[in-house]
Amino acid sequence: MTTVLIADDQPLQRFGSRMLLESQDDMTVVGEAPNGSDAVRLASELRPDVVLMDIRMPGLDGIEATRRITAAGDRTRILIVTTFDLDEYAYAGLRAGASGFLVKDAQPEELLAGIRAVATGEAVVAPSLTRRLLDAYVHHLPAGPGTEAGPQEDARLASLTDREREILTVIGQGWTNTEIATRLHLAESTVKTHVGRILAKTGSRDRIQAVILAYDTKLVQPS
């Protein structure tokens, strides 16, 4: 059973999300938060599998709430919901530790699929879309840790093998596992093993965080 916390300042939006989620046999809503501060508190108390996080909320916004929840190190994953597709807030949310984002007018089946994907450790945003998002908005935001140093100098990359560094680079370029396997002449199971090791060694929560790491460490440059 996937447990979900809904963080949104609109009561009707929370009600609609709750009705949709609780119509599913494999999901249950464990709490609702009208602002970011309550979302952080309830996430700590309830430890849900997934938080549906609105970005624009009074007081503590969804980006800072996401940052605080993920920094706590619990298993809770964040799915950002935003009014505007491909905006800088969505990028900031991903950088803060979210595992993906959807727009608020996404179809119900898209929202449900997104929750299930995030709960199992997958990224909601397709790799190619992630790259377009980062390319479009990375220059609007403050530099993150590691952007002043080249990729050889960043401590988060120090434990990677040459092959793992190569694969992290092409993950940042939007390649799927199938594309990596084909172009680098590897078995897809081998690629999955490499990706798992990269995530573990770099402390990346999921593939999206690995893409952001590739940008932060300048393995990949915005086009």
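Q: How do you make sense of unusual backbone geometry when you look at a structure like this?
A: Comment: phi is negative for the bulk of residues other than glycine, and the bulk of peptide bonds are trans. Even without being glycine, R47 reaches a positive phi, approximately 50°. Within the element layout of this structure, R47 appears in the loop between α2 (36–46) and β3 (50–54). According to the relative accessible area criterion, R47 is partly exposed, its value standing at 40%.

Q: Is there a simple way to explain the environment of R68 in this structure?
A: Looking at the element boundaries, R68 is found in helix α3 (residues 62–71). For R68 and S37, which are 31 residues apart along the polypeptide, the C-alpha to C-alpha distance reads 9.7 Å.

Q: Teacher, can you tell me more about the nonpolar core here?
A: One recurring pattern in soluble globular proteins is that nonpolar side chains are buried together. If you look at the biggest cluster of nonpolar residues, it comprises 26 residues, and the most contacted ones within it are A7, V51, M53, I78, I80, L94 and F101. The set of elements that each furnish at least two residues to this core consists of β1 (2–7), α2, β3, α3, β4 (77–82), α4 (88–95) and α10 (207–216). Tallying contributions element by element places α4 first for this core, with four residues. Discounting chain neighbours no more than four positions away, the residues touching I80 are M53, I55, T66, G93, A98, G100, F101 and L102. In terms of nonpolar packing, the next biggest core, distinct from the first, is built from 22 residues, L168, I180, A210 and Y215 among them.

Q: What is the right way to read the sheet that holds strand β2 (residues 27–33) from this model?
A: Consider a sheet: its strands pair through backbone hydrogen bonds, and that pairing is either parallel or antiparallel. Reading across the sheet, the five strands line up as β2-β1-β3-β4-β5 and stay open at both edges, with parallel pairing between neighbours. Two strands close off the open sheet at either side, each with one partner strand: β2 and β5 (100–103). Ignoring which end each strand starts from, the neighbouring axes of this sheet average 25° apart. As defined by bridge partners, β1 adjoins β3 across four bridges and the pair is classed as parallel. Each bridged residue has a counterpart across the sheet, and for A7 the counterpart in β3 is M53.

Q: Any chance you could explain the packing of α2 against α3 here in plain terms?
A: A pair of packed helices can be characterised by two numbers: the angle between their axes and the separation between those axes. Orientation of α2 relative to α3, taken along the N-to-C sense of each, is 15°, at an axis distance of 9 Å. Judged by the inter-axis angle, α2 sits roughly parallel to α3. Here α2 and α3 pass one another in a crossing that is right-handed. Listed contacts from α3 to G36, A39, V40 and A43 of α2 are A65, R68 and I69. Classifying every residue of the contact of α2 with α3 gives five nonpolar, one polar and one charged.

Reading the values: the criteria
Numbering of residues starts from 1 in each chain and follows the order in which that chain's sequence is written. Reporting of local features is limited, given that this is a predicted model, to residues whose pLDDT is at least 70; pairs of side-chain atoms are given and counted only at 80 or more, and all residues count toward the totals for whole chains, interfaces and linings. As a rule here, side-chain values come from all non-hydrogen atoms in the structure, and water together with hydrogens is ignored. A run of H or I in DSSP counts as a helix once it spans at least four residues, and a run of E counts as a strand once it spans at least two, with each numbered from the N terminus. Partly exposed residues are those whose accessible area sits between 20% and 50% of the maximum for their type, while under 20% is buried and over 50% is exposed, using a 1.4 Å probe and protein chains only. Take the buried residues of types Ala, Val, Leu, Ile, Met, Phe, Trp, Tyr and Cys, join any two whose side-chain atoms come within 4.5 Å, and each joined set is a nonpolar core. Two residues qualify as a contact provided that any one of their heavy atoms is within 4.5 Å of a heavy atom in the partner residue. Pairing between strands is defined by DSSP: at least two bridges between the two strands are required. Geometry is summarised by axes, namely lines fitted to C-alpha atoms with helices restricted to the contacting stretch, and by angles between N-to-C directions that run from 0 to 180 degrees. Working rule for angles: under 35 degrees goes down as roughly parallel, over 145 as roughly antiparallel, 65 to 115 as roughly perpendicular, anything else as oblique. Left-handed describes a crossing in which the near helix is turned anticlockwise from the far one by less than a right angle; the clockwise case is right-handed. Gly counts as polar in this scheme, as do all residues outside two lists: the nonpolar Ala, Val, Leu, Ile, Met, Phe, Trp, Tyr, Cys and Pro, and the charged Asp, Glu, Lys and Arg.

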